[in-house]
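# Fold and geometry: a report
Single-letter residue listing:
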Amino acid sequence: MKRMIAAIAATATFAGAPLMAETITQASPHSVSVTMDALQAAVEGAGATVFARVDHAAGAASVDMELPDAELLIFGNPMLGTPAMQADIEAGLQLPLRVLVYAGDEGTVVAYESVETIFDGLDVPLDAEFAQKMTGALATLTSKAVAE
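It is the contact of helix H4 (residues 78-87) with helix H6 (residues 129-146), at a shortest axis distance of 9 Å, that shows an interaxial angle of 135°. It follows that H4 is oblique to H6 by the angle criterion. Crossing hand, H4 versus H6: left-handed. Together, Leu80, Gly81, Pro83 and Ala84 of H4 and Phe130, Lys133 and Met134 of H6 make up the contact between the two elements. Grouping the amino acids of the contact of H4 with H6 by side-chain chemistry returns five nonpolar, one polar and one charged.

In structure tokens, the structure reads:
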């Protein structure tokens, strides 16, 4: 009986779990800081708002720990984020958008979650114009950051 209850509980847990996240990555020919500077300039040039730039490696160093260079840019545009939150207020848990730039084994990497992954399990229509614009913006902005 205990095994059956455990099996039912496990099934219920996995049934409600989101699908595997899709992380989109691009290699950058630049250092982490140069890539992040280019990304921030692209975001601001597109009229979006940069809310924060987080230096994870500096945070680790502040507690005498080590991480490879890694910075996170948090940014958004209310013209795109507001309709997503109107569709499902819990989209606010995923917004604003985030892009991570880090020093990987093969060089600098730019990474972000796909819009499909960001809104997985929410009542946000992925075919809506704002969702398509978010997808395009993430691709365009990160491409500018890695351009030579």
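Below, the discussion takes up the sheet that holds strand S3 (residues 70-76). The strand order across the open sheet built from five strands is S1-S5-S4-S3-S2, with neighbouring strands paired in antiparallel fashion. Unpaired on one side and paired on the other, strand S1 (23-28) and strand S2 (49-55) mark the two borders of the sheet. Direction aside, the axes of adjacent strands within the sheet are offset by 20° on average. Two strands pair when backbone bridges link them, and strand S4 (residues 97-104) and strand S5 (residues 107-113) are joined in this way by five bridges, in the antiparallel orientation. Each residue of the ladder has a partner; that of Val101, found in S5, is Val110. Of the strands in this sheet, S1, S2, S3, S4 and S5 are in contact with helix H2 (residues 32-45), which crosses S3 at around 5°.

We now examine the nonpolar core. By size, the foremost hydrophobic cluster in this structure holds 30 residues, and its most contacted members are Leu39, Phe75, Ala84, Phe119, Phe130 and Met134. Only H2, S3, H4, S4, S5, helix H5 (115-118) and H6 provide two or more residues apiece to this core. No other element matches the seven residues that H6 contributes to this core. Not counting chain neighbours up to four residues away, the residues in contact with Leu39 comprise Leu73, Val99, Val101, Leu141, Thr142 and Ala145.

Counted as a void, the largest pocket has a volume near 340 Å³. Taken together, 20 residues line the largest pocket, and the ones lying closest to its centre are Ala48, Gly76, Asn77, Pro78 and Leu80. Elements that contribute at least two residues to the lining of the largest pocket include exactly S3, H4 and H6. What the second largest pocket holds in volume is close to 160 Å³. Surrounding the second largest pocket, Thr23, Leu72, Gln94, Leu97, Arg98, Val99, Leu100, Ala111, Tyr112, Glu113, Ile118 and Leu138 form its lining. Broken down by secondary-structure element, the contributors of at least two residues to the lining of the second largest pocket are S4 and S5. Among the elements that line the lining of the second largest pocket, the one with the most residues is S4, at four residues. The class makeup of the residues in the lining of the second largest pocket is eight nonpolar, two polar and two charged.

Calculation rules
Residues numbered from 1 in each chain as written. Predicted model: local features only at pLDDT ≥ 70, side-chain atom pairs only at ≥ 80, totals over all residues. Heavy atoms only, no water. Axes fitted to C-alpha atoms, helices over the stretch in contact; angles between N-to-C directions. Helix = DSSP H or I, 4+ residues; strand = E, 2+ residues; numbered from the N terminus. Parallel < 35°, antiparallel > 145°, perpendicular 65-115°, else oblique. Left-handed = near helix turned anticlockwise from the far one by under 90°. Contact = heavy atoms within 4.5 Å. Nonpolar A, V, L, I, M, F, W, Y, C, P; charged D, E, K, R; others polar. Pairing = 2+ DSSP bridges. Core = buried A, V, L, I, M, F, W, Y, C linked by side-chain atoms within 4.5 Å. Buried < 20%, exposed > 50% of the residue type's maximum accessible area, 1.4 Å probe, protein only. 1 Å grid on protein atoms, 1.4 Å probe; cavity = no way out; pocket = protein on both sides within 12 Å on 5 of 7 lines; lining within 4 Å. Points joined across faces, edges and corners; volume = space filled by probe spheres on them.

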